[in-house]
Amino acid sequence: MGSVVHIVMFRFENENRDENIEKVKEMLEALPSKIETLRSMEVGVDFLHSERSMDLVLTSTFDDRDGLEAYRVHPAHQEVVAFIKEVTIESRVVDYERE
């Protein structure tokens with residue numbers, strides 16, 4: 001049976017950058033215990049800091065598209081999204097289904 005993979009990368013504003021990255025990481029890592037449809041989550045912080053680098057990446061998996069949608073609208077996720085929008089300047093996302 002397949003699954004849905006949701007990958008998001010963020011670039012943070014310079015002000016309080018390290019603190020905000022750590023706070024977002026902690027907030028994201030708390031979500032699996034709050035959102036039933038979230039099957040796995042990995043959060044990585046970039047160490048290279050190259051010109052092409054994003055600062056943080058989130059990789060999460062769901063059973064199906066409905067599970068991803070339930071995550072998207074869940075109040076705990078929306079709380080994290082609200083904070084992320086305050087402290088980031090860019091984000092990129094890829095959602096795909098794997099066999």
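Heads up: the structure comes first, above all this text.
Residues numbered from 1 in each chain as written. Predicted model: local features only at pLDDT ≥ 70, side-chain atom pairs only at ≥ 80, totals over all residues. Heavy atoms only, no water.

1. Focus on the layout of surface pockets
The criterion, for reference: Lining residues are defined by having an atom within 4 Å of a point belonging to a cavity or pocket. Those points lie on a 1 Å grid over the protein atoms alone, cavities being sets where a 1.4 Å probe fits but cannot get out and pockets being open sets with protein on both sides within 12 Å along at least five of seven lines. Grid points are joined across faces, edges and corners, and a volume is the space filled by probe spheres set on the points. The helix count covers DSSP runs of H or I at least four residues long, the strand count covers runs of E at least two residues long, and both are numbered beginning at the N terminus.
Size it by volume and the largest pocket reaches roughly 360 Å³. For the lining of the largest pocket, the elements supplying multiple residues, two or more each, are strand E1 (3-12), helix H2 (65-73), helix H3 (75-87) and strand E4 (88-98). With 6 residues, the single largest contributor to the lining of the largest pocket is E4.

2. As for the sheet that holds E1
As a reminder of what qualifies: Note on pairing: DSSP must find at least two bridges between two strands before they are called paired. Note on definitions: angles span 0 to 180 degrees between N-to-C directions of axes, and those axes are lines fitted to C-alpha atoms, for helices only across the stretch in contact. We call two residues in contact when some of their heavy atoms are within 4.5 Å.
Strand order in the open sheet formed by 4 strands is E2-E3-E1-E4, with antiparallel pairing between adjacent strands. Here the strands that pair on one side only, and so sit at the sheet edges, are strand E2 (40-45) and E4. Between one strand axis and the next, the sheet turns by 15° as a mean value, whatever way the strands run. For E1 and E4, the ladder comprises 10 bridges, and the chain directions are antiparallel. Bridging from a neighbouring strand, Phe12 pairs with Thr88 of E4. Running at roughly 170° to E2, helix H1 (residues 17-29) makes contact with E1, E2 and strand E3 (56-62) of the sheet.

3. Let's talk about the environment of Ser60
Positionally, Ser60 belongs in strand E3. It is 6.4 Å that separates the C-alpha atoms of Ser60 and Glu42, two residues lying 18 residues apart in sequence. Residue contacts for Ser60: discarding those within four places in its chain leaves Val4, Val5, His6, Leu38, Ser40 and Met41.

4. Focus on the packing of aromatic side chains
Worth spelling out the cut-off: Only rings of Phe, Tyr and Trp enter the pairing, Trp through its six-membered ring, and a pair is recorded when the two centres are within 6.5 Å. The plane angle decides the type: under 30 degrees is stacked, over 60 is edge-to-face, the rest tilted. Relative accessibility decides the category of a residue: with a 1.4 Å probe and only protein chains considered, values under 20% of the type maximum give buried, values over 50% give exposed, and everything between is partly exposed.
If you walk through the whole model with that rule in mind, you get 1 aromatic pair. Ring geometry for Phe62 and Tyr71: centres 5.0 Å apart, planes at 50°, overall tilted. By the burial criterion, Phe62 is buried, and Tyr71 matches it.

What is shown is where atoms sit, not what they do.
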